[in-house]
Amino acid sequence: MPANRNQTGLSASYRRILLKLSGEALSGAAGFGIDAGVLRSTAEQVGEVIELGVQTGIVIGGGNLFRGVGGQVSGVDRITGDHMGMLATIMNSLALRDALESAGAPARILAATGIAGVVEQFDRNTAIRYLEEGKAVIFSGGTGNPLFTTDSAACLRGIEIGAEIIYKATRVDGVYSADPERDSAAVKYDALGYDSVIKEKLEVMDLTAICLARDNGVPIRVFDMTRAGALRENVTGKPNGTLIE
């Protein structure tokens, strides 16, 4: 595959990627809601790779606004909670789309369940057309079904659009043997096999997501996107984080 190159002279290693963002990451230090600074920084990083000619799909969670499993504590049924979580991802997608547009990166939202006048219904051919036009495509509403996480949605959409790699953005610089924020002895992995992630019960993505990626041969790279330029470095051949394949 010929490298994509822009006026900066940087070349991209991939033609098409899927970026998975957590909803919690958008909340910043507040832990809830949307932090304007984090939103702007995220949009700028995505804009950098689109400028390189990298076709970029995005799946974003909704945990900063509502989490289905947690809703059960307050008496909300799990299925109802998951539907509420899907709506939360659409809210985050609307905010991200506007931030991308403000940063000069055209963007479209395709939701598992469309909302007339707000977001379009997901269609694979439409998604690929938008990507080929140089637009960021935000896939929202999860898979459209309860009981599936946005990690599973990310792998599903990545496979459907033919992404060459799935980038999972986190607040730590890769996958560790334990939570590095709680265990100073945790060891970072530079690379892992899908089956090792499953066997060692490493909480990278849920089991369904890992199995989807494994069965379709799509690598996953887990990296810290809180550092400016981290996404651009990854797509231009300076990988950081942990590669799972």
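Residues numbered from 1 in each chain as written. Predicted model: local features only at pLDDT ≥ 70, side-chain atom pairs only at ≥ 80, totals over all residues. Heavy atoms only, no water.

Trainee: Quick question: what am I supposed to make of the pattern of salt bridges here?
Mentor: Should their charged atoms come close, side chains of opposite charge can pair. For the coordinates displayed, the defined rule picks out 16 salt bridges. Of the charged contacts in the structure, one is a salt bridge between Glu160 and Arg157, with a shortest N-O distance of 2.7 Å. Here the residue Glu160 and the residue Arg157 both occupy positions in helix H6 (residues 150–161), the gap between them amounting to three residues, near one helical turn. By relative accessible area, which is 23% here, Glu160 ends up partly exposed. A residue is classified by how much of its surface remains accessible, and Arg157, at 6% relative accessible area, is buried. Put simply, Asp215 and Arg214 hold a salt bridge, and the shortest N to O gap is 3.1 Å. Residue Asp215 is classed as exposed on the basis of its relative accessible area, which comes to 55%. Exposure remark for Arg214: the relative accessible area of 32% places this residue in the partly exposed category. Each of Lys20, Asp151 and Lys168 takes part in a single network of salt bridges with overlapping partners. (Salt bridge = Lys/Arg side-chain N within 4 Å of Asp/Glu carboxyl O. Helix = DSSP H or I, 4+ residues; strand = E, 2+ residues; numbered from the N terminus. Buried < 20%, exposed > 50% of the residue type's maximum accessible area, 1.4 Å probe, protein only.)

Trainee: Just to check I follow, could you spell out helix H8 (residues 207–216) for this structure?
Mentor: Since the α-helix packs 3.6 residues into each turn, any two residues three or four apart lie on the same face. Taken as a whole, H8 has its buried residues at Ala209, Ile210, Cys211 and Ala213. Turning to H8, the residues buried within the fold contact H6, helix H7 (194–199) and strand S12 (220–224). Directly after H8, the chain includes Gly217, whose backbone phi takes a positive value near 65 degrees. (Contact = heavy atoms within 4.5 Å.)

Trainee: Just checking my understanding: could you explain a nonpolar patch on the surface for this structure?
Mentor: A cluster of nonpolar side chains, contributed by Ile79, Leu147 and Phe148, occupies part of the molecular surface with about 280 Å² of accessible area. By the secondary structure assignment, Phe148 is in the loop between strand S7 (136–140) and H6. (Patch = residues over 30% accessible without salt bridge, like charges linked within 9 Å, V, L, I, M, F, W, Y side chains within 5 Å. Areas by Shrake-Rupley, 256 points an atom, 1.4 Å probe, with all protein chains shown as cover.)

Trainee: In this structure, what is going on with the packing of H6 against H8? I would like to understand it.
Mentor: Two quantities define a packed helix pair, namely the angle between the axes and the distance from one axis to the other. Across the interface, H6 lies against H8 with an axial gap of 7 Å and an inter-helix angle of 20 degrees. Regarding the angle of H6 to H8, the classification is roughly parallel. For the crossing formed where H6 meets H8, the hand is left-handed. Each of Asp151, Ser152, Cys155, Leu156 and Ile159 in H6 lies in contact with H8, whose residues at this interface are Thr208, Ala209, Leu212, Ala213 and Asn216. (Axes fitted to C-alpha atoms, helices over the stretch in contact; angles between N-to-C directions. Parallel < 35°, antiparallel > 145°, perpendicular 65-115°, else oblique. Left-handed = near helix turned anticlockwise from the far one by under 90°.)

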